[in-house]
Amino acid sequence: GGGVLAALGGMIHAIGGRPMGNDVFGTHEVYDPATNAWHLAAPLPAPRDHASAFVVDDKIHLIGGRLGANPSNVGLHDIYDPATDSWQSAPPMITGRSSVAFAEYRGMLFVAGGECKEEGGPYDEVEAYDLRTGSWLSFPPLPQARHAFAAGSADDKLFFFGGSTHCGGAGKVDDTLRLNLQ
């Protein structure tokens, strides 16, 4: 569980995750739907779970996650290039987090919320990696900290849906939030 999928070049990349317990995988497997076959690709530089994945310019950006038990959140940002079957490090997230909502919006890779701070409770941070400048930006925090929620953009707006306001599964909310950028 806790792995991430990314579709790139007609293939499905299954990256990271963990079995039961606190171990994490650095495994990177690629599924070819045309042949119904899997093959191994370059493993993650740092094994982790609950990361976010974006496909940009024929590469996969893998951001954040955790190295094992809570709270081992990291801000790692690695980019996979299938042409060379290799990973390169990129600037890390400002605040290391896992189980965030994530979406590409206005040329930026947004990550919001996350689970779980060392002192308890989810995160309210909203940050984005600007693809033009190669740097991270901070945005106003969520009105209520949360994790395990979803994000998506439509009609030039960025939306966040649902989530949990407590570590684990307690405090479920079913609201819709919109990020307002001028």
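For the structure, check the block above.
My aim in this report is to walk through the structure given alongside it, one point at a time. (Residues numbered from 1 in each chain as written. Predicted model: local features only at pLDDT ≥ 70, side-chain atom pairs only at ≥ 80, totals over all residues. Heavy atoms only, no water.)

**Remarks on unusual backbone geometry**
Okay, step 1: Each neighbour pair has its own omega, and for E115 with C116 the value is -5°, a cis peptide bond.
Okay, step 2: By secondary structure assignment, the location of C116 is in the loop between β10 (108-112) and β11 (126-130).
Okay, step 3: Of note in the backbone geometry, S99 takes a positive phi value of approximately 55° without being a glycine.
Okay, step 4: Here S99 is to be found in the loop between β8 (86-89) and β9 (101-105). (Helix = DSSP H or I, 4+ residues; strand = E, 2+ residues; numbered from the N terminus.)

**With respect to the sheet that holds strand β4 (residues 37-40)**
Okay, step 1: Sheet architecture is open: four strands sit in the order β1-β2-β3-β4, paired in antiparallel fashion. The sheet terminates laterally at β1 (4-8) and β4, the two strands that pair on one side only. Neighbour to neighbour, the strand axes of the sheet diverge by 25° on average, direction disregarded.
Okay, step 2: Pairing of strand β3 (residues 28-32) with β4, which is carried by four bridges, proceeds in the antiparallel orientation. From the neighbouring strand, D32 faces β4, where its bridge partner is A37. (Pairing = 2+ DSSP bridges. Axes fitted to C-alpha atoms, helices over the stretch in contact; angles between N-to-C directions.)

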